[in-house]
Amino acid sequence: MTVENGIIQTHGGMGLLYWDGQKFGNCTIRVVFRMEKENSNAGFYIRIPIEPREAWMPVWYGYEVQIDNHPETSGEDEYHSTGMLYAFTKPLAIAWKPGPEWNEFEITLDGDRTVVMLNGVKVTDFKEGDSVPPRKFDYEPYPGIRPEYGYIGMQNHGEHDVVFYKEIAVKPLGKEGTSKGDKK
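Model, not experiment: these values are computed from the prediction. (Residues numbered from 1 in each chain as written. Predicted model: local features only at pLDDT ≥ 70, side-chain atom pairs only at ≥ 80, totals over all residues. Heavy atoms only, no water.)

A. How the structure looks around the side chain of glutamate 140. For glutamate 140, the position within the fold is in the loop between strand S9 (121-127) and strand S10 (150-156). Polar contacts involving the side chain of glutamate 140 include one to the main-chain amide nitrogen of lysine 136, which spans 2.6 Å. Excluding anything up to four places from it in sequence, glutamate 140 contacts Trp60, His80, Tyr86, Ala87, Pro134 and Arg135. (Helix = DSSP H or I, 4+ residues; strand = E, 2+ residues; numbered from the N terminus. Polar contact = N/O pair within 3.5 Å; in protein donor to acceptor, adjacent residues only side chain to side chain. Contact = heavy atoms within 4.5 Å.)

Below you can see the structure in the form of structure tokens.
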């Protein structure tokens, strides 16, 4: 990933850029992003329990808020579309804008609940322990409880999937604060 004029741009194959300053929970995370073309594949990671040692680790142990307007082009389904907890949630609504228009996630972590608003529309509302579909692909994460507090980060997926991140902001919910443990 590179930064130009204050905007982070993804490059190359599978990659990860995460914030190691603290773990976040009980907060709202605002992510403003756009795809270079009409569609790209990437994601924003939440609830990563430990500092990742490689790019696939957050897929397996945290949640990926997916960025992919057309998952059907790679043989995937609606559980893999923009705003979903990758492979775990089905859209409550479709609210994505095609690239190169800007999109905005508002991801609320409230205890064991995760709500994703996409461009002002609720697309995901998930509580730990909710049922999830069976795994369809060997690269999908295994179901299981994720932590209330974890690291956050950006994913780059494929060589031709270019995504730009313009803003990432965290606002506490006012409960126990936004961080817990592993503060640096």
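B. Structural context of the pattern of salt bridges. Under the definition given, this model contains six salt bridges. A salt bridge links lysine 136 to aspartate 77; its shortest N-O distance comes to 2.2 Å. Taken together, the residues span a long stretch of sequence, with lysine 136 in the loop between S9 and S10 and aspartate 77 in the loop between strand S6 (63-67) and strand S7 (102-110) at a distance of 59 residues. With its nearest N and O atoms 3.3 Å apart, the salt bridge here joins aspartate 125 to lysine 122. Taken together, the salt bridges that share partners define one network made up of Arg30, Glu104 and Glu167. (Salt bridge = Lys/Arg side-chain N within 4 Å of Asp/Glu carboxyl O.)

C. Local environment of the sheet that holds strand S8 (residues 113-118). Spatial strand order, S1-S2-S11-S4-S7-S8-S9: seven strands in an open sheet with antiparallel pairing. Every other strand in the sheet has two partners, leaving strand S1 (2-4) and S9 as the edge strands with one partner each. Here the average twist between neighbouring strands, direction ignored, is 25°. Sheet topology places strand S2 (residues 7-9) next to strand S11 (residues 163-172); two bridges connect them, and they run antiparallel. (Pairing = 2+ DSSP bridges. Axes fitted to C-alpha atoms, helices over the stretch in contact; angles between N-to-C directions.)

D. Quick look at empty space enclosed by the protein. Considering all chains together, one arrives at one cavity of 30 Å³ or more under this definition. In this structure, the largest cavity occupies an estimated 30 Å³ of space. Among the residues making up the lining of the largest cavity, the classes are represented as five nonpolar, one polar and one charged. (1 Å grid on protein atoms, 1.4 Å probe; cavity = no way out; pocket = protein on both sides within 12 Å on 5 of 7 lines; lining within 4 Å. Points joined across faces, edges and corners; volume = space filled by probe spheres on them. Nonpolar A, V, L, I, M, F, W, Y, C, P; charged D, E, K, R; others polar.)

E. Highlighting the nonpolar core. Counting residues in each nonpolar core, the largest one holds 28 residues, and the members touching the most others are Ile29, Ile46, Phe105, Ile107 and Tyr165. Of all elements in the fold, only strand S4 (27-35), strand S5 (42-48), S6, S7, S8, S9, S10 and S11 reach the threshold of two or more residues within this core. In terms of residue count, the dominant contributor to this core is S4 (five residues). With sequence-adjacent residues up to four places away left out, isoleucine 107 is seen in contact with Cys27, Thr28, Ile29, Val31, Phe44, Ile46, Val65, Thr114, Val115 and Val116. Of all hydrophobic cores here, the second largest spans five residues; its members include Tyr45, Met57, Val59 and Tyr151. (Core = buried A, V, L, I, M, F, W, Y, C linked by side-chain atoms within 4.5 Å. Buried < 20%, exposed > 50% of the residue type's maximum accessible area, 1.4 Å probe, protein only.)

F. Geometry of the environment of glycine 25. Of note, glycine 25 is situated in the loop between strand S3 (15-24) and S4. A relative accessible area of 0% places glycine 25 in the buried class. For the pair glycine 25 and arginine 47, spaced 22 residues apart in the sequence, the C-alpha separation amounts to 7.7 Å.

G. Local environment of the pairing of S7. Pairing analysis gives eight bridges linking S4 to S7, with the strands arranged antiparallel. Each residue of the ladder has a partner; that of threonine 28, found in S7, is threonine 108. Note that S7 and S8 share six bridges and pair antiparallel. Paired with phenylalanine 105 across the strands is leucine 118, a residue of S8. Counting the residues that bridge the hairpin from S7 to S8 gives two residues, and of these glycine 111 lies at a positive phi of roughly 60°.

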